[in-house]
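Chain by chain, the residues:
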Amino acid sequence: MVPMNRPNKDGKPSAEGEEGRSMIKENASQSRTSSTQSETSVSKGLEGVRRAAKENKERRFTALLHHMTVNLLRDSFYALKRRAAPGVDGVTWQDYEAGLEDRLADLHGRVHRGAYRAQPSRRVFIPKSDGRQRPLGVAALEDKIVQHATVTILNQIYEEDFLGFSYGFRPGRSQHNALDALAFALQRKQVNYILDADIKGFFDNLSKSWLLKFVEHRVADRRILRLVQKWLNAGVMEDGKWSNTETGTPQGSVASPLLANIYLHYGAPGQNLVLLAGEIPAPTRGAAASPGIESWV
(Lines give C-alpha, C1' and ligand atoms only; values in the text may rest on other atoms or scores of the structure.)
Protein backbone atom coordinates (compact mmCIF):
# COMPACT_ATOMS: atom_id res chain seq x y z
CA MET A 1 0.00 0.00 0.00
CA VAL A 2 1.78 3.09 -1.30
CA PRO A 3 0.69 6.44 0.20
CA MET A 4 -0.97 8.63 -2.40
CA ASN A 5 -2.60 11.44 -0.41
CA ARG A 6 -2.30 13.21 2.88
CA PRO A 7 -4.71 12.50 5.75
CA ASN A 8 -7.64 14.72 6.71
CA LYS A 9 -5.83 16.80 9.30
CA ASP A 10 -2.18 17.58 8.74
CA GLY A 11 -0.07 16.60 11.72
CA LYS A 12 -2.81 14.48 13.31
CA PRO A 13 -3.16 10.70 13.11
CA SER A 14 -6.07 9.44 11.05
CA ALA A 15 -7.45 6.05 10.12
CA GLU A 16 -7.60 7.43 6.61
CA GLY A 17 -4.05 8.70 6.34
CA GLU A 18 -1.63 7.39 3.71
CA GLU A 19 -4.00 4.85 2.22
CA GLY A 20 -2.80 2.91 -0.79
CA ARG A 21 -5.93 3.64 -2.80
CA SER A 22 -6.56 7.20 -3.89
CA MET A 23 -8.01 9.02 -0.89
CA ILE A 24 -10.47 11.90 -0.67
CA LYS A 25 -9.38 14.67 1.66
CA GLU A 26 -11.74 16.51 3.96
CA ASN A 27 -11.86 19.63 1.78
CA ALA A 28 -10.65 18.46 -1.59
CA SER A 29 -10.70 21.14 -4.26
CA GLN A 30 -12.24 20.03 -7.52
CA SER A 31 -12.56 21.72 -10.88
CA ARG A 32 -15.62 19.60 -11.58
CA THR A 33 -18.01 17.99 -9.19
CA SER A 34 -21.06 15.80 -9.47
CA SER A 35 -24.36 15.45 -7.67
CA THR A 36 -25.20 12.36 -5.62
CA GLN A 37 -24.50 9.29 -7.75
CA SER A 38 -24.90 11.03 -11.11
CA GLU A 39 -22.26 12.58 -13.34
CA THR A 40 -24.03 15.92 -13.72
CA SER A 41 -21.56 18.79 -14.09
CA VAL A 42 -22.30 21.87 -12.03
CA SER A 43 -22.72 25.33 -13.49
CA LYS A 44 -20.32 28.20 -12.97
CA GLY A 45 -22.81 29.70 -10.54
CA LEU A 46 -22.73 26.59 -8.39
CA GLU A 47 -18.96 26.52 -8.57
CA GLY A 48 -19.11 30.00 -7.04
CA VAL A 49 -21.27 28.63 -4.22
CA ARG A 50 -18.66 25.95 -3.58
CA ARG A 51 -15.82 28.48 -3.48
CA ALA A 52 -17.76 30.69 -1.08
CA ALA A 53 -18.53 27.70 1.16
CA LYS A 54 -14.86 26.75 1.23
CA GLU A 55 -13.62 30.26 1.97
CA ASN A 56 -16.06 30.94 4.81
CA LYS A 57 -17.14 28.02 6.98
CA GLU A 58 -19.55 30.21 8.95
CA ARG A 59 -21.38 31.67 5.97
CA ARG A 60 -25.12 31.13 5.68
CA PHE A 61 -26.39 31.16 2.12
CA THR A 62 -29.47 33.34 1.66
CA ALA A 63 -29.96 33.02 -2.12
CA LEU A 64 -29.76 29.50 -3.53
CA LEU A 65 -33.04 28.74 -5.29
CA HIS A 66 -32.17 30.80 -8.36
CA HIS A 67 -29.59 28.12 -9.17
CA MET A 68 -32.50 25.72 -9.78
CA THR A 69 -32.86 26.39 -13.48
CA VAL A 70 -34.69 24.47 -16.18
CA ASN A 71 -31.30 23.16 -17.30
CA LEU A 72 -30.57 21.80 -13.83
CA LEU A 73 -34.02 20.21 -13.64
CA ARG A 74 -33.42 18.61 -17.04
CA ASP A 75 -30.03 17.26 -15.94
CA SER A 76 -31.65 15.94 -12.77
CA PHE A 77 -34.37 14.19 -14.76
CA TYR A 78 -31.84 12.43 -16.97
CA ALA A 79 -29.81 11.42 -13.92
CA LEU A 80 -32.74 9.40 -12.53
CA LYS A 81 -33.06 5.67 -13.07
CA ARG A 82 -35.12 4.95 -16.17
CA ARG A 83 -36.74 1.79 -14.81
CA ALA A 84 -37.40 2.91 -11.25
CA ALA A 85 -40.80 2.09 -9.80
CA PRO A 86 -43.32 4.96 -9.94
CA GLY A 87 -44.54 6.77 -6.87
CA VAL A 88 -48.12 7.56 -5.85
CA ASP A 89 -48.63 9.55 -9.06
CA GLY A 90 -48.06 6.44 -11.17
CA VAL A 91 -45.87 8.43 -13.57
CA THR A 92 -42.88 6.59 -15.00
CA TRP A 93 -39.69 8.12 -16.38
CA GLN A 94 -40.83 7.33 -19.92
CA ASP A 95 -44.23 8.96 -19.31
CA TYR A 96 -42.61 12.17 -18.11
CA GLU A 97 -40.14 12.33 -20.99
CA ALA A 98 -43.05 12.78 -23.39
CA GLY A 99 -43.46 16.55 -23.57
CA LEU A 100 -40.48 16.97 -21.23
CA GLU A 101 -39.66 20.62 -21.98
CA ASP A 102 -43.19 21.83 -21.26
CA ARG A 103 -43.32 19.74 -18.10
CA LEU A 104 -40.00 21.11 -16.84
CA ALA A 105 -40.98 24.71 -17.60
CA ASP A 106 -44.18 24.23 -15.60
CA LEU A 107 -42.34 22.53 -12.74
CA HIS A 108 -39.72 25.32 -12.68
CA GLY A 109 -42.43 27.95 -12.46
CA ARG A 110 -44.25 26.16 -9.62
CA VAL A 111 -41.06 25.73 -7.61
CA HIS A 112 -40.14 29.41 -7.89
CA ARG A 113 -43.69 30.65 -7.21
CA GLY A 114 -43.99 28.44 -4.15
CA ALA A 115 -46.83 26.49 -5.80
CA TYR A 116 -44.95 23.20 -5.90
CA ARG A 117 -46.46 20.61 -3.56
CA ALA A 118 -44.62 17.48 -2.48
CA GLN A 119 -46.57 14.23 -2.76
CA PRO A 120 -46.46 11.47 -0.14
CA SER A 121 -44.03 8.63 -0.68
CA ARG A 122 -45.37 5.22 -1.63
CA ARG A 123 -44.26 2.83 1.08
CA VAL A 124 -42.89 -0.54 0.06
CA PHE A 125 -41.01 -3.17 2.04
CA ILE A 126 -37.99 -5.23 1.03
CA PRO A 127 -36.76 -8.26 2.99
CA LYS A 128 -33.59 -8.05 5.08
CA SER A 129 -31.10 -10.86 5.62
CA ASP A 130 -32.29 -11.35 9.21
CA GLY A 131 -35.88 -11.94 8.16
CA ARG A 132 -37.14 -8.47 8.98
CA GLN A 133 -38.40 -5.99 6.41
CA ARG A 134 -36.90 -2.64 5.52
CA PRO A 135 -39.40 0.16 4.75
CA LEU A 136 -38.62 2.23 1.67
CA GLY A 137 -40.28 5.37 0.38
CA VAL A 138 -40.81 5.70 -3.37
CA ALA A 139 -41.23 9.36 -4.29
CA ALA A 140 -43.29 10.74 -7.16
CA LEU A 141 -41.26 11.53 -10.26
CA GLU A 142 -41.46 15.33 -9.98
CA ASP A 143 -40.40 15.08 -6.33
CA LYS A 144 -37.38 13.05 -7.43
CA ILE A 145 -36.44 15.72 -9.98
CA VAL A 146 -36.72 18.64 -7.55
CA GLN A 147 -34.94 16.70 -4.80
CA HIS A 148 -32.08 15.79 -7.13
CA ALA A 149 -31.69 19.41 -8.22
CA THR A 150 -31.75 20.61 -4.61
CA VAL A 151 -29.14 18.02 -3.61
CA THR A 152 -26.94 19.21 -6.48
CA ILE A 153 -27.09 22.75 -5.08
CA LEU A 154 -26.58 21.80 -1.44
CA ASN A 155 -23.71 19.44 -2.23
CA GLN A 156 -21.63 22.46 -3.22
CA ILE A 157 -21.83 23.61 0.39
CA TYR A 158 -21.71 20.38 2.34
CA GLU A 159 -18.95 18.67 0.37
CA GLU A 160 -16.74 21.47 1.71
CA ASP A 161 -17.96 20.78 5.25
CA PHE A 162 -18.19 17.01 5.59
CA LEU A 163 -15.29 15.34 7.35
CA GLY A 164 -12.84 12.92 5.83
CA PHE A 165 -14.08 9.87 7.73
CA SER A 166 -17.57 10.22 6.21
CA TYR A 167 -18.05 7.92 3.20
CA GLY A 168 -21.72 7.04 2.82
CA PHE A 169 -23.71 8.43 -0.12
CA ARG A 170 -21.14 11.02 -1.13
CA PRO A 171 -19.99 11.91 -4.66
CA GLY A 172 -16.86 10.01 -5.62
CA ARG A 173 -16.87 7.89 -2.46
CA SER A 174 -18.00 4.37 -1.73
CA GLN A 175 -17.91 1.58 0.80
CA HIS A 176 -14.64 0.45 -0.79
CA ASN A 177 -12.96 3.68 0.31
CA ALA A 178 -14.31 3.14 3.82
CA LEU A 179 -12.95 -0.41 3.88
CA ASP A 180 -9.55 0.88 2.76
CA ALA A 181 -9.43 3.33 5.65
CA LEU A 182 -10.48 0.68 8.15
CA ALA A 183 -7.99 -1.85 6.73
CA PHE A 184 -5.16 0.65 7.07
CA ALA A 185 -6.04 1.29 10.71
CA LEU A 186 -6.06 -2.44 11.42
CA GLN A 187 -2.82 -3.23 9.60
CA ARG A 188 -0.68 -0.21 10.40
CA LYS A 189 -1.81 1.00 13.81
CA GLN A 190 -2.01 -0.52 17.27
CA VAL A 191 -5.63 -1.66 17.42
CA ASN A 192 -6.97 -4.00 20.09
CA TYR A 193 -10.70 -3.62 19.62
CA ILE A 194 -13.19 -2.58 16.97
CA LEU A 195 -16.51 -1.07 17.93
CA ASP A 196 -19.07 -1.83 15.21
CA ALA A 197 -22.11 0.31 15.94
CA ASP A 198 -25.30 0.61 13.93
CA ILE A 199 -27.85 3.34 14.53
CA LYS A 200 -31.07 1.36 14.67
CA GLY A 201 -33.70 2.57 12.20
CA PHE A 202 -31.63 5.68 11.52
CA PHE A 203 -33.57 7.06 8.54
CA ASP A 204 -36.90 6.38 10.22
CA ASN A 205 -36.09 7.90 13.59
CA LEU A 206 -34.01 11.03 13.07
CA SER A 207 -35.60 14.18 14.47
CA LYS A 208 -37.15 16.44 11.82
CA SER A 209 -36.82 19.54 13.98
CA TRP A 210 -33.14 18.92 14.66
CA LEU A 211 -32.50 18.13 11.03
CA LEU A 212 -33.92 21.49 9.98
CA LYS A 213 -31.82 23.25 12.63
CA PHE A 214 -28.71 21.53 11.28
CA VAL A 215 -29.53 22.57 7.71
CA GLU A 216 -30.06 26.15 8.88
CA HIS A 217 -26.45 26.31 10.07
CA ARG A 218 -25.49 26.86 6.44
CA VAL A 219 -28.74 27.53 4.56
CA ALA A 220 -30.74 30.69 5.20
CA ASP A 221 -32.72 30.65 1.94
CA ARG A 222 -36.25 30.17 3.26
CA ARG A 223 -37.40 28.77 -0.10
CA ILE A 224 -34.89 25.92 0.07
CA LEU A 225 -35.80 25.26 3.70
CA ARG A 226 -39.50 25.12 2.77
CA LEU A 227 -38.72 22.52 0.11
CA VAL A 228 -37.00 20.35 2.73
CA GLN A 229 -39.96 20.81 5.08
CA LYS A 230 -42.41 19.80 2.35
CA TRP A 231 -40.58 16.53 1.77
CA LEU A 232 -40.30 15.77 5.47
CA ASN A 233 -44.00 16.48 6.05
CA ALA A 234 -45.44 14.84 2.93
CA GLY A 235 -46.15 11.58 4.77
CA VAL A 236 -46.48 8.12 3.24
CA MET A 237 -49.12 6.16 1.36
CA GLU A 238 -49.54 2.49 2.25
CA ASP A 239 -52.37 0.34 0.90
CA GLY A 240 -54.10 3.48 -0.32
CA LYS A 241 -54.06 5.17 3.11
CA TRP A 242 -52.09 8.30 3.96
CA SER A 243 -50.27 8.54 7.27
CA ASN A 244 -48.07 11.21 8.80
CA THR A 245 -44.51 10.44 9.82
CA GLU A 246 -43.57 12.24 13.02
CA THR A 247 -39.88 11.41 12.64
CA GLY A 248 -37.48 10.43 9.92
CA THR A 249 -36.92 10.97 6.23
CA PRO A 250 -37.99 8.25 3.76
CA GLN A 251 -35.22 5.77 3.09
CA GLY A 252 -34.95 5.50 -0.67
CA SER A 253 -35.80 9.10 -1.54
CA VAL A 254 -33.28 11.16 -3.50
CA ALA A 255 -32.79 13.82 -0.81
CA SER A 256 -32.62 11.50 2.21
CA PRO A 257 -28.94 10.46 1.88
CA LEU A 258 -27.72 14.06 1.95
CA LEU A 259 -30.09 15.00 4.77
CA ALA A 260 -28.90 11.97 6.74
CA ASN A 261 -25.26 12.95 6.22
CA ILE A 262 -26.00 16.48 7.40
CA TYR A 263 -27.60 15.00 10.53
CA LEU A 264 -24.59 12.75 11.15
CA HIS A 265 -22.14 15.57 10.44
CA TYR A 266 -23.27 17.49 13.49
CA GLY A 267 -23.40 14.39 15.68
CA ALA A 268 -20.26 12.48 14.62
CA PRO A 269 -18.12 12.23 17.75
CA GLY A 270 -14.52 12.20 16.59
CA GLN A 271 -11.68 11.46 14.23
CA ASN A 272 -11.08 7.79 14.98
CA LEU A 273 -14.07 6.60 12.93
CA VAL A 274 -15.16 5.28 9.58
CA LEU A 275 -18.68 6.56 9.02
CA LEU A 276 -20.85 4.84 6.43
CA ALA A 277 -24.63 5.36 6.19
CA GLY A 278 -25.38 5.03 9.89
CA GLU A 279 -22.81 2.31 10.55
CA ILE A 280 -19.76 3.22 12.63
CA PRO A 281 -16.77 0.87 12.74
CA ALA A 282 -14.35 2.54 15.16
CA PRO A 283 -10.84 1.18 15.79
CA THR A 284 -9.72 1.84 19.35
CA ARG A 285 -6.79 0.91 21.58
CA GLY A 286 -8.84 0.24 24.68
CA ALA A 287 -11.85 -1.77 25.65
CA ALA A 288 -14.00 1.34 25.57
CA ALA A 289 -14.85 3.35 22.48
CA SER A 290 -13.31 6.70 21.68
CA PRO A 291 -14.49 9.55 23.97
CA GLY A 292 -18.07 10.56 23.37
CA ILE A 293 -19.14 7.78 21.02
CA GLU A 294 -21.05 5.70 23.58
CA SER A 295 -23.30 8.54 24.65
CA TRP A 296 -23.82 9.62 21.04
CA VAL A 297 -24.87 6.18 19.80
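The structure reproduced in this document is the subject of the present report. Note that this is a predicted model, so its numbers are computed, not measured.

1. With respect to empty space enclosed by the protein
- For the structure shown, the criterion picks out seven cavities of 30 Å³ or more.
- Considering only enclosed or pocket space, the largest cavity measures out at about 110 Å³ in volume.
- Residue lining of the largest cavity: 15 residues in total, with Ser121, Gln147, Trp231, Pro250 and Ser253 positioned closest to the centre.
- Split into classes, the residues belonging to the lining of the largest cavity amount to eight nonpolar, six polar and one charged.

2. A short note on the nonpolar core
- Of all hydrophobic cores here, the largest spans 51 residues; its most connected members are Leu64, Met68, Tyr158 and Val219.
- With nine residues, helix α5 (residues 141-158) is the single largest residue contributor to this core.
- In this view, tyrosine 158 contacts Phe214, Val215, Arg218, Val219, Leu258 and Ile262; residues no more than four positions away in its chain are not counted.

3. A few points about the environment of arginine 170
- Topologically, arginine 170 is positioned in the loop between α5 and α6 (175-188).
- Linking arginine 170 and proline 257, residues 87 residues apart in sequence, is a C-alpha distance of 8.4 Å.
- Not counting residues up to four positions away in its chain, the partners in contact with arginine 170 are Glu159, Phe162, Leu163 and Asn261.
- Among the polar contacts made by the side chain of arginine 170, one reaches the main-chain carbonyl oxygen of leucine 163 at a distance of 3.0 Å.

Cut-offs used in this document
- Residue numbers here run from 1 along each chain, matching the order of that chain's written sequence.
- Local features in this predicted model are restricted to residues whose pLDDT is 70 or higher, and side-chain atom pairs enter the listing and the counts only when it is 80 or higher, whereas totals over whole chains, interfaces and linings include all residues.
- With hydrogens and water set aside, each side-chain value is computed from the structure's full complement of heavy atoms.
- Of the two site types, the cavity is a set of points on a 1 Å grid over the protein atoms alone where a 1.4 Å probe fits but cannot get out, and the pocket is an open set with protein on both sides within 12 Å along at least five of seven lines, each lined by residues with an atom within 4 Å of a point.
- Grid points are joined across faces, edges and corners, and a volume is the space filled by probe spheres set on the points.
- Residues were grouped as follows: Ala, Val, Leu, Ile, Met, Phe, Trp, Tyr, Cys and Pro as nonpolar; Asp, Glu, Lys and Arg as charged; and all remaining residues, including Gly, as polar.
- We call a set of buried Ala, Val, Leu, Ile, Met, Phe, Trp, Tyr and Cys residues a nonpolar core when their side-chain atoms join them within 4.5 Å.
- Here the term buried applies to any residue with accessible area under 20% of the maximum for its type, exposed to any over 50%, and partly exposed to those in between, with areas from a 1.4 Å probe on protein chains only.
- Secondary structure follows DSSP: runs of H or I at least 4 residues long count as helices, runs of E at least 2 residues long count as strands, and numbering of each begins at the N terminus.
- A contact between two residues is defined here by any heavy atoms of the two lying within 4.5 Å.
- N or O atoms closer than or at 3.5 Å make up a polar contact, with two conditions inside protein: a donor-capable atom paired with an acceptor-capable one, and, for residues adjacent in sequence, both atoms drawn from side chains.

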